[in-house]
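The chain contents come next:
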Amino acid sequence: SDFPDPYFGGGRRAGRLPDGNGSCRGRPAYGCIQYNKKGRKKDVKLLSIAIPCYNSEGYMKRCIDSLLPGGDEVEILIVDDGGSLKDRTAEIADEYEKKYPGICRAIHQENGGHGEAVNAGLRAATGIYFKVVDSDDWVNGEAYKEVLEVLRRFVYGDETLDMLVTNFVYEKQG
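Residues numbered from 1 in each chain as written. Predicted model: local features only at pLDDT ≥ 70, side-chain atom pairs only at ≥ 80, totals over all residues. Heavy atoms only, no water.

1. Quick notes on the sheet that holds strand β7 (residues 104–108)
Formally: Only strands that DSSP links by at least two bridges are regarded as paired with each other. Helix and strand assignments come from DSSP, with helices taken as H or I runs of at least 4 residues and strands as E runs of at least 2, each series counted from the N terminus. Between N-to-C directions, angles span 0 to 180 degrees; the directions come from axes that are lines fitted to C-alpha atoms, helices contributing only their stretch in contact. We call two residues contacting when some pair of their heavy atoms lies within 4.5 Å.
Ordered by their spatial adjacency, four strands build an open sheet running β7-β6-β5-β8, and the pairing between neighbours is parallel. Strands with a single pairing partner mark the edges of an open sheet, and in this sheet they are β7 and β8 (129–132). Between one strand axis and the next, the sheet turns by 20° as a mean value, whatever way the strands run. Pairing between strand β6 (residues 74–80) and β7: five bridges, direction parallel. If you follow Ile78 over to β7, its bridge partner there is Ala106. Where helix α3 (residues 113–124) meets the sheet, it contacts β5 (47–53), β6, β7 and β8, and its direction lies at approximately 145° from that of β6.

What follows is the structure, encoded as structure tokens:
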């Protein structure tokens, strides 16, 4: 396996198939049917995106909406990290899961902090690649399309990708 450590380089490959090289009868793992420990089918996505959320109702929608153009190739894992009862983070996560089945998933847990929310997303991820986007951040649509295209080229091509680094813009208000 070219990715012995799931945390290597900020990217991770989905669970390896029985032939050990991530292929499905000569095709890359992306688009193949895999089975979880309970024998249920699971779809392999190109990119899993975890969004750790703690009392994020005021800004998480912008984040999630900026990721939805990835469509069925991505899974958006909205990790509700047990915020206050007055905050609607958990309810918003459930609304997105209901409105976008197969793309958005709500994961609810007791507060464990940012790191545990990231780990919960990583445990639930089915994507070939993995990314964390904080709930108060958002992605640029054109840049996001480019990233998905690059990931597709590596999945379907002969080269491997350990890590993809992109720019970010820091916007300070006030």
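2. Some details on the packing of aromatic side chains
Put simply, the rule reads: When the centres of two rings from Phe, Tyr and Trp lie within 6.5 Å, Trp using its six-membered ring, the rings pair. Their planes under 30 degrees apart give stacked, over 60 give edge-to-face, and anything left gives tilted. For each residue, the accessible area found with a 1.4 Å probe, counting protein chains only, is set against the maximum for its type, and the residue is called buried under 20%, exposed over 50%, and partly exposed in between.
In the structure shown here, the tally under the stated rule is one aromatic pair. Look at Tyr96 and Tyr100: their rings are 6.1 Å apart centre to centre, the planes differ by 20°, and that puts the pair in the stacked class. Look at Tyr96 and you get buried, because its relative accessible area is 8%. Given the relative accessible area of 24%, Tyr100 is considered partly exposed.

3. Re the confidence of the model for the protein chain
Where we set the bar: Per-residue confidence from the predictor is reported as pLDDT, which spans 0 to 100.
Summing up the model confidence of the protein chain, the mean pLDDT is 82 and the portion of residues at 70 or higher is 75%. Long-range and interchain partners of residues 1–28, a stretch whose pLDDT sits below 50, account for 53 contacts in this model, where long-range means more than four residues apart.

4. So, the pattern of salt bridges
This is how it is decided: Salt bridge criterion: a side-chain nitrogen from Lys or Arg within 4 Å of a carboxyl oxygen from Asp or Glu.
According to the stated counting rule, one finds seven salt bridges in the structure shown. Here Arg152 makes a salt bridge to Glu73, at a shortest N to O gap of 2.7 Å. Here Glu73 lies in the loop between α1 (60–67) and β6 and Arg152 lies in helix α4 (residues 141–156), a separation of 79 residues in the sequence. Overall, Arg152 belongs to the partly exposed group, its relative accessible area being 23%. One salt bridge connects Arg152 with Glu149, and the closest N-O pair in it is separated by 2.7 Å. Of this pair, Arg152 and Glu149 both sit in helix α4, three residues apart, which is roughly one turn of the helix. Sharing partners across several salt bridges, the network here consists of Glu73, Glu149 and Arg152.

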